[in-house]
Amino acid sequence: GLPKRTGQRVRGELWRVDRETLTNLDEYEGVSKGHYRREVIRVKPDGVRSSRPAFVYCKQDCPPELRSGPFLSEYTKETYSTAYNAIRHIQLKQLMYLGRQLRDQS
């Protein structure tokens with residue numbers, strides 16, 4: 001699981017989703033393929049008195065080059081529109097999946 005930490009600030013959004021949407025997010029993140037795992041964390045949104053549970057997706061078997069950054073302090077709609085490339089994203093996910101399949105067959 002995730003290391004237990006308190007007091008860490010992360011900018012982001014919390015979404016309330018139904019079970020079907022959560023299942024679709026799991027599929028998109030590759031949970032069943034072992035790319036990511038979904039975990040529960042406690043979050044305390046600004047202006048709210050108590051913490052509440054929230055899901056977060058954690059990368060499985062994260063290679064060192066991904067752990068070394070650079071990291072974004074915030075992922076915004078502007079970041080998405082200027083930096084996200086859907087085709088490249090799909091290609092990388094396919095390469096990750098194929099690499100895992102090849103390792104499993106060895």
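All of these numbers come straight from a predicted model, not from anything done at the bench. (Residues numbered from 1 in each chain as written. Predicted model: local features only at pLDDT ≥ 70, side-chain atom pairs only at ≥ 80, totals over all residues. Heavy atoms only, no water.)

> Report on a nonpolar patch on the surface, specifying residues and quantitative values.
Together, Trp15, Val17 and Leu25 give the surface a local cluster of nonpolar side chains, amounting to about 320 Å² of exposed area. Mapped onto the elements of the fold, Leu25 is located in helix 1 (residues 19-29). Judged by its relative accessible area of 33%, Leu25 is partly exposed. (Patch = residues over 30% accessible without salt bridge, like charges linked within 9 Å, V, L, I, M, F, W, Y side chains within 5 Å. Areas by Shrake-Rupley, 256 points an atom, 1.4 Å probe, with all protein chains shown as cover. Salt bridge = Lys/Arg side-chain N within 4 Å of Asp/Glu carboxyl O. Helix = DSSP H or I, 4+ residues; strand = E, 2+ residues; numbered from the N terminus. Buried < 20%, exposed > 50% of the residue type's maximum accessible area, 1.4 Å probe, protein only.)

> Summarise helix 1; cite the residues concerned and give the values.
Regarding helix 1, the residues found buried are Leu22, Asp26 and Glu29. Across the axial projection of helix 1, the buried residues extend over an arc of 75°, all falling on one side. Following helix 1 by one or two positions, Gly30 adopts a phi angle in the positive range, close to 75°. (Arc of directions from axis to C-beta.)

> Any details on the side chain of Thr79? Residues and values, ideally.
Turning to its location among the elements, Thr79 is positioned in helix 3 (residues 77-83). Each residue touching Thr79, except ones within four places of it in the same chain, is listed here: Leu72, Glu74 and Tyr84. (Contact = heavy atoms within 4.5 Å.)

> Quick rundown of the confidence of the model for the protein chain? Include the residues and the values.
Predicted coordinates in regions of low pLDDT should not be interpreted in detail. Chain-level statistics for the protein chain give a pLDDT mean of 81 and a share of 85% at 70 or above. Mean pLDDT in the protein chain bottoms out at helix 2 (residues 64-67), which sits at 70, and peaks at helix 1, which reaches 93. (pLDDT = per-residue confidence, 0-100.)

> Talk me through the packing of aromatic side chains; I want residue IDs and the actual numbers.
As enumerated under the stated definition, the model contains one aromatic pair in all. A centroid spacing of 4.9 Å and a plane angle of 20° characterise the contact between Tyr80 and Tyr84, whose relative ring orientation is stacked. Its relative accessible area of 44% is what places Tyr80 among the partly exposed residues. You can call Tyr84 partly exposed: its relative accessible area is 28%. (Phe/Tyr/Trp six-rings, centres within 6.5 Å; stacked < 30°, edge-to-face > 60°.)

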